[in-house]
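Understanding the architecture of this molecule
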Amino acid sequence: MTAPGGRRRRAPAMTADRRRAMIVQTALPLLTRRGTTLTTAEVARAAGIGEATVFRAFADKQALLDACVAEVLRPDPLLDRLTRIDRRLPLTGRLTEAAVVIHAHLARLGAVLGALHAAGRARPDPPPAGAAATAVRPAVAALFAPDVDRLRLPPDQLADLFLGLLSPPGPLATTAPSTTDLVDLFLHGALTRVR
């Protein structure tokens, strides 16, 4: 870090875990833009620390990349954002916010894994099958709970269907539907109401 007058000053004291987390959070957007051509010097500069600090936190660049992958695979940030959705909103509002949060999480995950794949890096070992879904499903089911008396299916079953609908489009889709259209289709179906 540079102080006024061009003097170099030390970064504020942090625990080793907080410093590692700060470096990973700084590296993630750089990784999605630059791929694995990203250098530890660039990460250090963006974080406002010396490159030696990066190497005190991570053995090498590969260890930093591995930590970035581990971070985007963690469902905790997604769970936190889902649980903060205001339950007093109408169901449409709650599900729209959830869809935005889930799409952002999937986009970040795809960008990081895509950058590594494009660079020819081996894909990381996937988390245990269904681990993220097992954690996320109850948080999504809770969004349905305030309207349980109006639901045709149990909240956990609706959560599974909703999450399935939000999965990234496959190779046959030409355009991704808007979040509003997805929520509307989910809540009201494809058919007009029969009179």
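Let me sum up the structure you'll find in this document. As the structure is a computational prediction, the values presented were derived from the model and not from experiment.

Closest axis-to-axis distance for the helix α1 (residues 16-34)/helix α4 (residues 61-73) pair is 9 Å, and the angle between their directions is 85°. In terms of orientation, α1 and α4 fall into the roughly perpendicular class. Between α1, through R20, I23, V24, Q25, A27, L28 and L31, and α4, the contact on the second element is made entirely by L64, L65, A67, C68, E71 and V72. Grouping the constituent residues of the contact of α1 with α4 by class yields 10 nonpolar, 1 polar and 2 charged.

A few words on the packing of helix α6 (residues 91-118) against helix α9 (residues 179-188). Orientation of α6 relative to α9, taken along the N-to-C sense of each, is 130°, at an axis distance of 9 Å. Regarding the angle of α6 to α9, the classification is oblique. Crossing hand, α6 versus α9: right-handed. For the pair α6 and α9, contact is made by L91, T92, L95, T96, A99, V100 and H103 and by T179, L182, V183, F186 and L187, respectively. Residue composition of the contact of α6 with α9, grouped by class: 8 nonpolar, 4 polar and no charged.

Our next topic: helix α8 (residues 155-166). Between its first and last C-alpha, α8 extends 16 Å over 12 residues, near the 16 Å set by a 1.5 Å rise per residue. Among the residues of α8, those classed as buried are P155, L158, A159, F162, L163 and L166. The arc enclosing the buried residues of α8, seen along the axis, measures out at 135°, which places them on a common side.

Here D147 shows up in the loop between α7 (131-144) and α8. For D147, a relative accessible area of 10% translates into the label buried. Dropping the residues within four chain positions of it, D147 is found in contact with L91 and R94.

Across all of its chains, the model carries 9 salt bridges by this definition. Taking the shortest distance from any N to any O, the salt bridge between R74 and D76 comes out at 3.0 Å. On the basis of relative accessibility, which here comes to 32%, the residue R74 falls in the partly exposed class. Classification of D76 as partly exposed rests on a relative accessible area of 42%. The salt bridge partner of D147 is R94, with a shortest N-O separation of 2.2 Å. Here D147 is found in the loop between α7 and α8, whereas its partner R94 is found in helix α6, with 53 residues between them in sequence. The same class applies to D147 and to R94, which are both buried. What you see here is one network of salt bridges that share partners, running through E71, R74 and D76.

Along helix α5 (residues 76-83), the residues classified as buried are L78, L79 and L82. Buried residues of α5, viewed axially, fall in a sector of 100°; they line one side.

Space inside the second largest pocket adds up to approximately 340 Å³. In terms of lining, the second largest pocket is formed by L91, T92, F144, R150, L151, R152, L153, L158, L161, F186, L187 and H188. Among the elements of the structure, α6, α8 and α9 are those that each provide at least two residues to the lining of the second largest pocket. For the lining of the second largest pocket, the element with the highest residue contribution is α9, accounting for 3 residues. Residue classes in the lining of the second largest pocket are distributed as 8 nonpolar, 2 polar and 2 charged.

Calculation notes
Residues numbered from 1 in each chain as written. Predicted model: local features only at pLDDT ≥ 70, side-chain atom pairs only at ≥ 80, totals over all residues. Heavy atoms only, no water. Axes fitted to C-alpha atoms, helices over the stretch in contact; angles between N-to-C directions. Helix = DSSP H or I, 4+ residues; strand = E, 2+ residues; numbered from the N terminus. Parallel < 35°, antiparallel > 145°, perpendicular 65-115°, else oblique. Contact = heavy atoms within 4.5 Å. Nonpolar A, V, L, I, M, F, W, Y, C, P; charged D, E, K, R; others polar. Left-handed = near helix turned anticlockwise from the far one by under 90°. Expected span 1.5 Å × (residues − 1). Buried < 20%, exposed > 50% of the residue type's maximum accessible area, 1.4 Å probe, protein only. Arc of directions from axis to C-beta. Salt bridge = Lys/Arg side-chain N within 4 Å of Asp/Glu carboxyl O. 1 Å grid on protein atoms, 1.4 Å probe; cavity = no way out; pocket = protein on both sides within 12 Å on 5 of 7 lines; lining within 4 Å. Points joined across faces, edges and corners; volume = space filled by probe spheres on them.

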